[in-house]
Amino acid sequence: MDSFMKEFMEAMREVFPSLLVQFEDFSTDNAFRYLDMFRSQYRCFNDDNLNRFSIFSGAVILSGFINAAKLSSAKSGKPLTDHRILFFGAGSAGIGVAKQLTSFFKLLGMSEDEARSRIYTVDSKGLITADRKGLQEHKKSFDSGQSDFARTDYEGPPLTNLIDIIGYVKPTALLGLSTIRNAFTEEVVRLMASINPRPIIFPLSNPVSVCEVDYADAVQWTNGSVIFASGSPYKSIEHLGKIYEPGQGNNMYIFPGVGMGTILSKARHVTDSMVEQASIALSEALTEEERSADLVYPRLARIRDISARIALAVIRAAQKDGVDENDLFRKMTDAALLDYVKAKQWQPTTHLQNGNIKGNVHRL
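Criteria and cut-off values
- Per chain, residue numbering runs from 1 following the sequence as it is written.
- Local features in a predicted model are, by the rule used here, given only for residues with pLDDT of at least 70; side-chain atom pairs are given and counted only at 80 or more, and totals for whole chains, interfaces and linings are based on all residues.
- In computing side-chain properties, one takes all heavy atoms of the structure into account and sets aside hydrogens as well as water.
- Numbering of helices and strands starts at the N terminus; helices are DSSP runs of H or I of at least 4 residues and strands are runs of E of at least 2.
- Relative accessibility thresholds used throughout: buried, under 20% of the residue-type maximum; exposed, over 50%; partly exposed, between the two (1.4 Å probe, protein chains only).
- Contact between two residues is taken to exist if any of their heavy atoms lie within 4.5 Å; hydrogens are not considered.
- Computed with the Shrake-Rupley method and a 1.4 Å probe, the accessible areas treat only the protein chains shown as cover for residues.
- The definition of a polar contact used here is a pair of N or O atoms within 3.5 Å, where within protein one atom must be able to donate a hydrogen and the other to accept one, and adjacent residues in sequence count solely through side-chain atom pairs.
- Nonpolar cores are built from buried Ala, Val, Leu, Ile, Met, Phe, Trp, Tyr and Cys residues. Side-chain atoms within 4.5 Å join them into one set.
- Strand pairing is assigned whenever DSSP detects at least two bridges linking the two strands.
- Angles here are taken between N-to-C directions and fall from 0 to 180 degrees, while the axes themselves are lines fitted to C-alpha atoms, restricted in helices to the stretch in contact.

(A) Looking closely at the overall build of the protein chain. Of regular secondary structure, the protein chain possesses 14 helices and 13 strands. Classification of the 364 residues of the protein chain by burial places 52% in the buried group. A separation threshold of at least 6 residues defines the contact pool for the protein chain, and within that pool the share at least 24 residues apart is 65%. Looking at the protein chain as shown, the accessible area adds up to about 17100 Å², and 51% of this sits on carbon and sulfur atoms.

(B) Spotlight on the side chain of Asp 324. In this fold, Asp 324 is placed in the loop between helix H13 (303-321) and helix H14 (334-344). A distance of 2.8 Å separates a polar atom in the side chain of Asp 324 from a polar atom in the side chain of Arg 330. Aside from chain neighbours lying at most four places away, what touches Asp 324 is Ser 265, Lys 266, Ala 267, Arg 268, Ala 318, Gln 319 and Arg 330.

(C) Up close: the nonpolar core. Among the nonpolar cores identified, the biggest contains 59 residues, and Phe 65, Ile 85, Phe 87, Leu 101, Leu 175, Phe 202 and Ile 254 are the most heavily contacted of them. For this core, the secondary structure elements donating two or more residues are helix H3 (55-76), strand S3 (85-88), helix H4 (92-106), strand S6 (173-176), strand S7 (200-203), strand S8 (227-230), helix H11 (272-283) and H13. Counting residues per element, this core draws most heavily on H3, which supplies eleven residues. Formed by 28 residues, the second largest nonpolar core is a distinct cluster that contains Ile 163, Ile 166, Val 169 and Val 189.

(D) Region of interest: the environment of Ala 318. Checked against the element boundaries, Ala 318 lands in helix H13. If we skip the residues at most four places from it in the chain, Ala 318 touches Ser 265, Ala 267, Met 274, Val 323 and Asp 324.

(E) Region of interest: the environment of Thr 179. Examined against the element boundaries, Thr 179 turns out to sit in the loop between S6 and helix H8 (186-195). Residue class for Thr 179 comes out partly exposed when judged on its relative accessible area of 47%. In sequence terms Thr 179 and Val 208 are 29 residues apart; their C-alpha atoms lie 9.4 Å from each other. The residues touching Thr 179, leaving out its near neighbours within four places in the chain, are Ser 205, Val 210 and Glu 212.

(F) Just the sheet that holds strand S4 (residues 119-123), in detail. If you trace the seven strands from one edge of the open sheet to the other, you get S5-S4-S3-S6-S7-S8-S11, paired in mixed fashion. Each edge of the sheet is formed by a strand with only one pairing partner; in this case those strands are strand S5 (126-127) and strand S11 (247-248). Of the strand pairs in this sheet, S6 and S7 are connected by four bridges, and their pairing is parallel. Residue pairing across strands places Ala 173 opposite Ile 200, the latter belonging to S7. The strands touched by helix H7 (residues 162-169) within the sheet are S3, S4, S5 and S6, with S3 carrying the most contacts at an inclination of about 165 degrees.

As structure tokens, then:
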């Protein structure tokens, strides 16, 4: 398989020099491995894999978490650096998102080690500690085994019960990537609400049949104080006369803008900074009305404008990283470049030609 992939990627670049390759529905192990193998050589990204995680999943969750953390800190009065994130589910998806969320703390000026210290992970055997025998490599490491991910600061007996783990960690945020339906029980959710005036609860497993907690339950059990985003779509609900809108961490917020920005800038490859800046751009895309409604993601009705703004951020990040090959954009103001990006977006319009419906396709 490796020899085929190497031959395929080289052939694609030879025949289509400007091609951006998307890896879709690869097995979990291969998705990470091939992204690491090719991302610095070719224009490529991993939008999805069979475990439903990609770099864009992490970027979308990072964006939502940035806004959720601000809402939580505004209520508690605690600084953003005090947040502690507990991941329930430490497969490749959970560890991948954990890697991305270290950026939240590093953007606040914390070191890599300090950022990692704010993140805790739980798998089927309980809190992951470095002294556990047989620990899988992706649970130990952040970056090719160079940084220890498992906890080294816990010396007590193994913690296997989520209630006990929450009691020990006292997280401000609980993220679920376990695919265990209703894993966040009423007791778990109420405990989170008892230690946080605005608990962040992101049940990210999808579809709904494997989601850790339903939105209506999370709202009811926290009396509306929960800051919620899920991997699956939920409808708005009414609780005690107030309408609550859930967030959904969907890849569609990120990957169109990253893809477009990469293609238009002619970036040689997709850098970590390009993805990170896409996440930041998404977090900043909320309108004042959306902020007043305590949303963590903008409404999807504005997805075209959001994607254009993300593409702009990606282009600027590519320029800063020195991987862009479209020098024209370096001379353009942000406003002019945003207009250019929007002009290059495909417009889903139709017209009649000789009695037949014809699509209106805009080429990049």
